[in-house]
Amino acid sequence: MKHRIVVLGAGYAGAITAGRLAKRLHRDDVEITVVNADPDFVERVRLHQVAAGQELPVCPLRKLFAGTGVQVRIARVRAVDAERKTVAIADENGAATLEYDTLVYALGSTVADFGVPGVAEYAHHVASKPAALRLRERLRELAAGETVLIVGGGLTSIEAATEIAEARPDLRVVMAARGGVGDWLHEKAQAHLRAAFERFGITVHEGADVVRVTEDGVVTRSGAEIPARITVWTAGFAVHEIAAASTLTVSDAGRIVVDATLRSVSHPDVYAVGDAAHAAGVGGKTLRMGCATASPMAWLGGDAIAARLTGRPVPDAPIGYNSQCISLGRHDAIVQKVTKEDEPTAKVDLGRKGARIKELICKGAAWSVRNPTLMLPSRRRRVIAAPAAVTAA
Ligand SMILES: Cc1cc2nc3c(=O)[nH]c(=O)nc-3n(C[C@H](O)[C@H](O)[C@H](O)COP(=O)(O)OP(=O)(O)OC[C@H]3O[C@@H](n4cnc5c(N)ncnc54)[C@H](O)[C@@H]3O)c2cc1C
């Protein structure tokens with residue numbers, strides 16, 4: 001019987017892991033199935049562009065995996081039973097159950113509302129394709145002079161605010177952040193960011209802790225009201241509740257706790273990669289959610305699974321950072337070099353050069369989904385260990 005590998009989620013992490021496993025393992029020995037709700041690969045790092053009205057190329061998952069041996073199942077994952085080693089899914093034909101020998105959990109993340117009242121009812125977000133498309137429609141309905149308020153001061157907030165301001169210079173774009181906006185960046189990058197906000201006419205409210213979203217804007221902890229026709233909530237990401245509802249060990253945030261090989265600390269036949277995984281990087285710091293870590297996690301996780309199945313040395317080198325890239329519309333960006341531990345350095349690329357690098361990185365991330373072994377030799381090796389021995393090792 002073939003070793004059944006089920007990969008949940010085909011974002012950057014899941015798609016790369018599945019593709020890499022297909023290149024590393026012999027087709028006679030394994031059956032690899034990817035389950036994803038969306039029939040297309042979604043370049044999540046470009047969803048603010050989608051919201052701002054840009055059309056992105058569509059990449060159907062079935063086309064992406066054609067000829068690789070990976071089976072694609074378009075379905076929604078409902079639950080994982082880590083004891084029975086099954087996954088409950090639902091598609092247009094109804095409910096079904098998949099059995100696995102090895103599970104890769106890569107369901108990514110979605111918007112985090114932090115329990116703030118009104119977010120679900122009144123705010124838009126850009127954390128998923130349907131949400132970005134809904135925001136796009138609402139933005140099209142806005143008349144000149146109306147206000148779009150972006151809540152949050154992190155990377156996604158900055159990218160969303162500048163992208164919308166560039167696409168719709170006739171709108172008033174306002175930001176509200178609990179702390180500073182981009183205040184962790186090197187001072188050169190911060191100065192560039194402030195100049196970009198001025199150029200785009202973006203008003204920034206720092207120290208504005210939003211405690212309620214209403215139909216007409218937001219209310220801050222100090223009682224101040226910031227009016228807006230559209231509020232876009234970009235205050236953070238949270239994982240889906242599926243892992244926390246299982247017997248898998250998860251962090252306080254619901255991410256699956258994994259070891260240095262991205263294997264669940266509670267269930268050795270389960271691996272987690274991407275935003276859904278709680279993993280330590282270089283220096284022991286928990287890796288933050290990001291495309292920058294999702295791809296290297298997929299390389300490491302895929303290789304660790306393949307190594308265990310084929311009786312080869314298991315890689316476990318911690319993942320480090322390189323840079324943080326923030327687009328400021330289509331012609332400007334900040335590329336902040338960071339240490340392996342994600343600390344900003346004085347090396348910063350800005351302006352058009354930064355935009356070229358950022359675009360290259362986004363294209364590179366999508367390219368690595370289509371080329372999961374990064375052109376390294378990809379000899380398909382035979383599975384030598386019995387599944388039970390492998391999972392218990
Ligand atoms: C607008 C925006 C800009 C960003 N910019 C950057 C950036 O510049 N740099 C950076 O490092 N990171 C950035 N990120 C974060 C980055 O996109 C994520 O960290 C990355 O996508 C995580 O990859 P992943 O594969 O873990 O999850 P995802 O890309 O979220 O993929 C998860 C997959 O699982 C599927 N799925 C989810 N739930 C289910 C279910 N129940 N059933 C079936 N399928 C399901 C989804 O459809 C999706 O295909 C940005 C995010 C956004 C939204």
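Everything that follows concerns the structure shown earlier in this document.
Now for a look at the structure at hand. Every chain is numbered on its own, with residues counted from 1 as its sequence reads. Given that this is a predicted model, residues contribute local features only at a pLDDT of at least 70 and side-chain atom pairs are listed and counted only at 80 or more, while totals for whole chains, interfaces and linings are drawn from all residues. To get the side-chain values, all heavy atoms of the structure are used, and hydrogens and water are removed first.

The next thing to look at is the packing of aromatic side chains. The rule is short: rings of Phe, Tyr and Trp, with Trp giving its six-membered ring, pair when the centres are within 6.5 Å, and they are stacked under 30 degrees, edge-to-face over 60, tilted in between. Counted according to the given criterion, the structure contains one aromatic pair. Over the ring of Phe 237 we find Arg 44; its NZ or CZ atom is 4.8 Å from the centre of that ring. Residue placement shows Arg 199 over the ring face of Phe 200; its charged tip is 4.9 Å from the ring centre. In this scheme, the term charge over a ring applies when either NZ of a lysine or CZ of an arginine sits within 6 Å of the ring centre and within 35 degrees of the ring normal.

With that out of the way, let us pick up the packing of helix α1 (residues 12-24) against helix α8 (residues 291-310). Where α1 meets α8, the axes come as close as 8 Å, and the angle between the chain directions of the two elements is 30 degrees. In terms of their interaxial angle, α1 and α8 are classed as roughly parallel. The crossing of α1 and α8 is right-handed. Within the contact between the two elements, α1 uses Tyr 12, Ala 13, Ile 16, Thr 17, Arg 20, Leu 21 and Arg 24 and α8 uses Cys 291, Ala 294, Ser 295, Ala 298, Trp 299, Gly 302, Asp 303, Ile 305 and Ala 306. Basically, the charged four are Asp, Glu, Lys and Arg, the nonpolar ten are Ala, Val, Leu, Ile, Met, Phe, Trp, Tyr, Cys and Pro, and anything else, Gly included, counts as polar. Partitioned by chemical class, the residues of the contact of α1 with α8 number ten nonpolar, three polar and three charged. For helices, the fitted axis covers only the stretch in contact; all axes are lines through C-alpha atoms, and the angles between them, taken along N-to-C directions, range from 0 to 180 degrees. Note on conventions: DSSP H or I runs of at least 4 residues are helices, E runs of at least 2 residues are strands, and numbering of each starts at the N terminus. Orientation labels follow simple angle bins: below 35 degrees gives roughly parallel, above 145 gives roughly antiparallel, 65 to 115 gives roughly perpendicular, and whatever is left gives oblique. Each crossing is labelled by how the near helix is turned from the far one, with a counterclockwise turn of less than a right angle marking it left-handed and a clockwise turn marking it right-handed. It only takes one pair of heavy atoms within 4.5 Å for two residues to be counted as in contact.

One heavy atom suffices: a residue is near a molecule or strand as soon as one of its heavy atoms comes within 4 Å of it. For the ligand, the set of nearby residues contains 33 residues, the closest of which are Asn 36, Arg 44, Val 77, Cys 291 and Lys 358. One of the side-chain nitrogen or oxygen atoms of Asp 275 is found 2.8 Å away from an oxygen atom of the ligand. Polar contacts, as used here, are pairs of N or O atoms within 3.5 Å; protein pairs need one atom able to donate a hydrogen and one able to accept it. Residues neighboring in sequence count only if both atoms are side-chain atoms. Here an oxygen atom of the ligand sits 2.8 Å away from a polar atom, N or O, in the side chain of Lys 358. Coverage of the ligand by the protein chains reaches 92% of its 990 Å² of free accessible surface. For the shell around the ligand, the elements supplying multiple residues, two or more each, are α1, β6 (76-81), α6 (155-167) and α8. Per-residue and other accessible areas follow the Shrake-Rupley method at a 1.4 Å probe size, with only the shown protein chains counted as cover for residues.

We now examine unusual backbone geometry. Unusually for a residue other than glycine, Lys 85 sits at a positive phi of about 60 degrees. Residue position: Lys 85 is located in the loop between β6 and β7 (86-91). Its identity as a non-glycine residue notwithstanding, Phe 114 has a phi of 50 degrees, on the positive side. In this fold, Phe 114 is placed in the loop between β10 (109-111) and α4 (119-122).

We now examine the layout of surface pockets. Gaps left between atoms show up when a probe the size of a water molecule is rolled over them. Within this model, the second largest pocket holds a volume of roughly 490 Å³. Forming the boundary of the second largest pocket are 23 residues, of which Phe 41, Leu 56, Pro 57, Val 58 and Cys 59 lie nearest the centre. Within the residue set of the lining of the second largest pocket, elements represented by two or more residues are β3 (40-41), α2 (47-51), β4 (59-60), α3 (61-64), α5 (129-141) and α9 (351-370). The dominant element in the lining of the second largest pocket, judged by the number of residues it contributes, is α9, at four residues. Its residues placed into classes, the lining of the second largest pocket shows 13 nonpolar, one polar and nine charged. With a 1 Å grid spanning the protein atoms alone, the term cavity applies to any set of points in which a 1.4 Å probe fits but cannot get out, the term pocket to an open set with protein on both sides within 12 Å along at least five of seven lines, and the term lining residue to any residue with an atom within 4 Å of a point. Grid points are joined across faces, edges and corners, and a volume is the space filled by probe spheres set on the points.

Bridge count between β6 and β7: five bridges; the pairing is antiparallel. Across the sheet, Val 80 pairs through a bridge with Val 87, a residue of β7. The criterion for strand pairing is that DSSP finds at least two bridges linking the strands in question. Connecting β6 to the antiparallel partner β7 that follows it, the hairpin turn spans four residues, and Lys 85 within it adopts a positive phi of roughly 60 degrees.

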